Amino acid sequence: MPRNTWLMAISLSVIIVLLSNGAYYFLTKKTLEDALNHEMRAVAKQIEFSVEQSRLGAEKFQDQIGRELRVVSIAAQYALDPDVEKVTNDQLKELSAKLGVEHITLMKRTEDNIILYKSSDENELGKGTKTWDPWYVAFNQLFDDKKVNIDWLGQTLPNFWSGPFEVASTDPDHIYKWGYYYDGTTNYIIDPYVSYRSLAEYEKLTGINELIEKSIGSSDSLLEATVINPMTFGKGSFDTENEDGEVQGHLLQQDIFYGTYRYKSDNDVNDVQKAFDSGDIISTKDHIDGKHVLKMFIPVSTGDEVNLVDENGEPIHGYVLSLVSDYQVIQDRLDSQFLNIGIVIFLVTGISLLIAAFAMRYFRQSREKVVEVTQQTYVDEINGMFQSIRAQRHDFLNHVQTIHSLAELNKSRELVAYTKELTGEIRLMNDIINIGNPAIAALIRSKISQAESYRIAFTCSFSGLNRLEMGIKTLDVNRMLGNLIDNAFDEVMKYSEDCREVELSGKQMDGFIEFCISNTCAQAHEVKDKPLFQAGFSTKDDAHQGLGLFTVKSITEQYKGSIQVNADTENKITFNIRIPH
């Protein structure tokens, strides 16, 4: 094989390896990204489930607190005078301590406000509620209809309403849950309330933040998980000032409910809003604090349940769960895999190059050996042919003298027989020389000599082979003819001398060269249907390897030619080969 061909083959192999590795790299990267997304979604489901369980549990817990506040309100009603003017703050302090609540406040309605008129908490006294939206609406509904029906967070019971835990307007440093009771038998609303400590203890027991920390600790890639209010996230503080000028926060409008928010990006606000509005999971990649991270924003719907409010205090029905994962984990896994693959490729490539080098060396040696043997055979056969010609010329004088003697002796019959035999030998030699291709002529001459020694009637005829190109094509033609003739000789040697017949013809026409060889073959119809061209198949004894006809077919197919086996004549098989050129 020419050196350029080997270089082209090696270059093509390198390109294929590079393309395969590139495809494998991106496919593996996509697989690892999908696995990471799947892992994050599984963690998200776990956190979402825990948040929902905690939220539902907290709602049930608050409902229970609300019912207890109602019971406290009814108990307080029986203990207090129905006229607010006849109730003292000291009575309320004593009563709140007995009933186990933080404080009890009595709310009085005026012409344009509802006042915290009496209370066990001095900070409450005299404060108006007109600016407490929508709490003020609920107070008026309770005074007017003894029932609250606002579409907002809270719990409505007969003659009772309780809002959620929230920062106290009169005491911004504390969070309380208030209950409001009014049945019309008093001129005031009874307002007992309890501290956030009870709910905080419950939430600690449910362990949402603890679950988030455990999820982060057990994951190779998870860095952070955050439960976000999508309507207030990134919009700053919603703190307000009370009547005393104190800053009051709002628990229900905080933007982060659970988890932490350390890995911040400028696009987070838009991504959170997009996820919440579309209901689709939004995934982004970013570099934060020197880390390549994958952020996932997962919208979670709470159905008809309300547990958050927007910046205007209007209820919303869901939240967004944000997960941050270390994308470097994927790159590390890719690097590890490709290091292993690189080692394997290096070893395989090295072994392949060694095998290729040995194959090239073996191929080169085999080719040189074949060429050497072929050239030697060619030289021997050419020398044999010319030796026969020189022998004829050397014997020419003897032939002339013999003819002259027979003529003098009037041996006309013997003369005719002798000249006939001499003419046939000369004609045969001329026919061989007239083949036109020295290599083929030499082969045929050697096969004729072989046929004479085997007592085989071997006849051949050729036309147009003087136009056959020399080189590898002639070499392959000789390989084909040599194997065909040897196969025919082997077959006819099975029979008696009078049945040993082999006929060979060759001709070259425009566009193709054709060879046809026939030989004696008993039961030719059965033989032609056997796998004659299969490597290793032979109809002869075990001494034959069954490669002769296989070689003929291989050479024929190499040159896009065709080979046919016919048994049109009884006890005779014919091989017909046609090769385009």
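Here, the structure is the one placed above.
Q: Is there a simple way to think about the sheet that holds strand β17 (residues 457–463) in this case?
A: Each strand in a sheet pairs with another by means of backbone hydrogen bonds, the pair being arranged parallel or else antiparallel. Within the open sheet, the five strands sit side by side as β17-β18-β19-β21-β20. Their pairing is mixed. Among the strands making up the open sheet, the edge pair consists of β17 and β20 (562–566). Taking each pair of neighbouring strands and ignoring which way they run, the sheet shows an average axis angle of 10°. Pairing analysis gives eight bridges linking strand β18 (residues 501–509) to strand β19 (residues 512–520), with the strands arranged antiparallel. Following the sheet pairing, Ser505 is matched in β19 by Cys516. Where helix α9 (residues 438–454) meets the sheet, it contacts β17 and β18, and its direction lies at approximately 165° from that of β17.

Q: Looking at this model, I keep getting lost on the pairing of strand β7 (residues 189–195). Mind explaining?
A: The side chains of a regular strand alternate, first on one face of the sheet and then on the other. Burial analysis of β7 places seven of its seven residues in the buried class, the great majority of the element. Judged from the five bridges that link them, strand β1 (residues 103–109) and β7 form a sheet pairing that is antiparallel. Considered in β7, the bridge of Met107 is made with Ile189. Here four bridges tie strand β6 (residues 175–181) to β7, and the two strands are oriented antiparallel to one another. In the sheet register, Tyr176 faces β7, and the bridge partner there is Ser195.

Q: Mind showing me how you'd approach helix α3 (residues 135–145) here?
A: Helical geometry: 3.6 residues make up each α-helical turn, so side chains three or four residues apart lie on a common side. The element α3 is extensively covered by neighbouring structure, given that eight of its eleven residues are classed as buried. Looking at the residues trailing α3, positive phi occurs at Lys146, about 60°.

Q: Got a minute to help me understand unusual backbone geometry in this structure?
A: Working note: non-glycine residues mostly have negative phi, and peptide bonds are mostly trans. With a phi angle near 60°, Asn159 is a residue other than glycine that sits in the positive phi range. In this structure, Asn159 sits in the loop between β3 (155–157) and β4 (160–162).

Q: Would you mind showing me how to read the packing of aromatic side chains here?
A: For any pair of aromatic rings, the description consists of the separation of the ring centres together with the inter-plane angle of the planes. Following the criterion strictly, the structure yields ten aromatic pairs and no others. Considering the side-chain rings of Trp161 and Tyr180, the 6.0 Å spacing of their centres and the 20° angle between planes classify their relative orientation as stacked. Taken as a pair, Trp161 in strand β4 and Tyr180 in strand β6 lie far apart in primary sequence, 19 residues in all. By relative accessible area, Tyr180 is classed as buried at 2%. Here the aromatic rings of Trp178 and Tyr193 are separated by 5.9 Å at their centres, their planes lie at 50°, and the arrangement is tilted. Here Tyr193 lies in strand β7 and Trp178 lies in strand β6, a separation of 15 residues in the sequence. For Tyr193, a relative accessible area of 0% corresponds to the buried category. An aromatic cluster is defined as three or more aromatic residues linked by ring pairs; in this entry it consists of Trp135, Phe139, Trp161, Trp178, Tyr180 and Tyr193. Positioned over the ring face of Tyr117 is Lys108, at 4.5 Å from the centre of the ring. Above the ring of Phe512, the side-chain terminus of Arg578 is found at 4.0 Å from the ring centroid.

Here is what the cut-offs are and how they apply
Residues numbered from 1 in each chain as written. Predicted model: local features only at pLDDT ≥ 70, side-chain atom pairs only at ≥ 80, totals over all residues. Heavy atoms only, no water. Pairing = 2+ DSSP bridges. Helix = DSSP H or I, 4+ residues; strand = E, 2+ residues; numbered from the N terminus. Axes fitted to C-alpha atoms, helices over the stretch in contact; angles between N-to-C directions. Contact = heavy atoms within 4.5 Å. Buried < 20%, exposed > 50% of the residue type's maximum accessible area, 1.4 Å probe, protein only. Phe/Tyr/Trp six-rings, centres within 6.5 Å; stacked < 30°, edge-to-face > 60°. Lys NZ or Arg CZ within 6 Å of the ring centre and 35° of its normal.

Read these as layout, nothing more, since geometry by itself doesn't imply function.
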